[in-house]
Amino acid sequence: MIENSVNDGDDVVGSASLQRGGRQKVHVIACGAIAREILAVARMNGLDHIELTCLPAIWHATPEKIAPGVEQAIAEARAAGAARVFVAYADCGTGGLLDVVLAREGVERLSGPHCYSFFSGNDAFAAREDDVTTFFLTDFLARQFEAFVIEPLGLDRHPELRDIYFGNYEKLVYLSQQEDPELQVKAREAAARLGLAYEYRFTGYGDLEHELKALADPRTGD
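Cut-offs used in this document
- Residues numbered from 1 in each chain as written.
- Predicted model: local features only at pLDDT ≥ 70, side-chain atom pairs only at ≥ 80, totals over all residues.
- Heavy atoms only, no water.
- Helix = DSSP H or I, 4+ residues; strand = E, 2+ residues; numbered from the N terminus.
- Buried < 20%, exposed > 50% of the residue type's maximum accessible area, 1.4 Å probe, protein only.
- Contact = heavy atoms within 4.5 Å.
- Areas by Shrake-Rupley, 256 points an atom, 1.4 Å probe, with all protein chains shown as cover.
- Pairing = 2+ DSSP bridges.
- Right-handed = clockwise from strand over helix to strand, strands pointing away.
- 1 Å grid on protein atoms, 1.4 Å probe; cavity = no way out; pocket = protein on both sides within 12 Å on 5 of 7 lines; lining within 4 Å.
- Points joined across faces, edges and corners; volume = space filled by probe spheres on them.
- Nonpolar A, V, L, I, M, F, W, Y, C, P; charged D, E, K, R; others polar.
- Phe/Tyr/Trp six-rings, centres within 6.5 Å; stacked < 30°, edge-to-face > 60°.
- Disulfide = S-S within 2.5 Å.
- Axes fitted to C-alpha atoms, helices over the stretch in contact; angles between N-to-C directions.
- Parallel < 35°, antiparallel > 145°, perpendicular 65-115°, else oblique.
- Left-handed = near helix turned anticlockwise from the far one by under 90°.

Identification of the protein as DUF1638 domain-containing protein from Ciceribacter thiooxidans is taken from an unreviewed UniProt entry.

Draft legend 1. Here's a closer look at the overall build of the protein. For the protein, the count of helices and strands is 10 helices and 8 strands. A buried classification covers 48% of the 222 residues belonging to the protein. For the protein, the proportion of contacts with a sequence separation of at least 24, taken over those separated by at least 6, is 69%. Carbon and sulfur atoms provide 49% of the accessible area of the protein, an area that totals close to 10,600 Å².

Draft legend 2. Here's a closer look at the pairing of strand β4 (residues 85-88). Going residue by residue along β4, you find V85 and V87 tucked away on one face and F86 and A88 tucked away on the opposite face as well. Pairing of strand β2 (residues 26-31) with β4 involves 4 bridges; the strand directions are parallel. When the sheet's bridge partners are listed, H27 is paired in β4 with V85. Chirality of the crossover, the property in question, places the unit of β4, helix α3 (residues 97-105) and strand β5 (residues 108-109) among those that are right-handed.

Draft legend 3. Local environment of helix α10 (residues 206-214). Within the sequence span of α10, burial applies to G206, D207, L208, E209, E211 and L212. Against the buried residues of α10 lie α1 (35-44), β4, β5, α4 (115-120) and α5 (122-127).

Draft legend 4. A look at empty space enclosed by the protein. Inspection of every chain in the model, using the stated rule, returns 1 cavity of 30 Å³ or more. Reported here for the largest cavity is a volume of approximately 50 Å³. Residue lining of the largest cavity: C31, A33, I34, H60, A88, Y89, A90, C92, C115 and F118, and that is the complete set. Its residues placed into classes, the lining of the largest cavity shows 9 nonpolar, 1 polar and no charged.

Draft legend 5. Main features of the packing of aromatic side chains. This structure, assessed with the given rule, holds 9 aromatic pairs. Here the aromatic rings of F125 and F136 are separated by 5.5 Å at their centres, their planes lie at 50°, and the arrangement is tilted. Note that F125 is positioned in helix α5 and F136 in strand β6 (residues 134-137), a separation of 11 residues in sequence. For F125, a relative accessible area of 15% corresponds to the buried category. Classification of F136 by relative accessible area gives buried; the value is 7%. With a centroid separation of 6.5 Å and 70° between ring planes, the pair formed by Y165 and F166 is classed as edge-to-face.

Draft legend 6. A look at the state of the cysteines. The tally for this structure, following the rule as stated, stands at 0 disulfides. Of all cysteine sulfurs in the structure, the one in C31 sits closest to C92, which takes part in no disulfide; the separation is 6.2 Å. Not part of a disulfide, C115 finds its nearest cysteine sulfur in C92, a span of 6.4 Å.

Draft legend 7. Structural view of unusual backbone geometry. In this structure, C92 is a non-glycine residue whose phi angle is positive, near 55°. Within the fold, C92 resides in the loop between β4 and α3.

Draft legend 8. Expanded view of the packing of α1 against α10. Orientation of α1 relative to α10, taken along the N-to-C sense of each, is 55°, at an axis distance of 10 Å. One finds that α1 runs oblique with respect to α10. The handedness of the crossing between α1 and α10 comes out as right-handed. Contacts between α1 and α10 involve E37, I38, V41 and M44 from the first element and L208, E209 and L212 from the second. Taken together, the residues that form the contact of α1 with α10 break down as 5 nonpolar, no polar and 2 charged.

Draft legend 9. Spotlight on the layout of surface pockets. What the largest pocket holds in volume is close to 630 Å³. Every residue lining the largest pocket is counted, 25 residues in all, and those nearest its centre are H60, Y116, F135, L141 and F148. Counting only elements with at least two residues in the lining of the largest pocket, the list comes to α4, β6, α6 (139-143), α7 (145-150) and α8 (162-166). With 3 residues, β6 is the largest single contributor of residues to the lining of the largest pocket. Tallied by class, residues from the lining of the largest pocket come to 20 nonpolar, 5 polar and no charged.

Structure below.
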């Protein structure tokens, strides 16, 4: 499940150490869909004490795998000597099961229900009432729309299912972490393919950046 190297590209499974200096290492167990963003935040903010392990991003299609997968990754990290562990998942469709595991293990996670919320800023996301009929993309999903949306839903084989899946949606909102014109084109194409109106919102890294930076706060014991 966990390999010895990490590619900060798309679907990431593996680990990478960013540790330098004298701060206590923090072992971060993350969804592979946000690996690129975690590494970017770490580099921008000098969070060189982070050791990153990523689990398969495709588990979002089968969220029942997330809680047991994270539990196993915590056990492996501790067996390897990690003194401090942080989980870079929101609830991510586990229906509270991830929090049950983390409470038992004494480990904290990212705040919020999913990555759309923490990228937007959890408070700002919760305050919007017009997003009930919205389908969201992040940078990762814009890059991997075919592999992580179309294929898992079978729309490549049965395009007639589109309106069954998306008939109650009104728009696709692209929550952008980096302002990349090529990804904006891909996101527009995704909206057209789903028959939805398109909206672009630049979020940056939102609460992900704030919470990762807090791991380096001396008050947390680092």
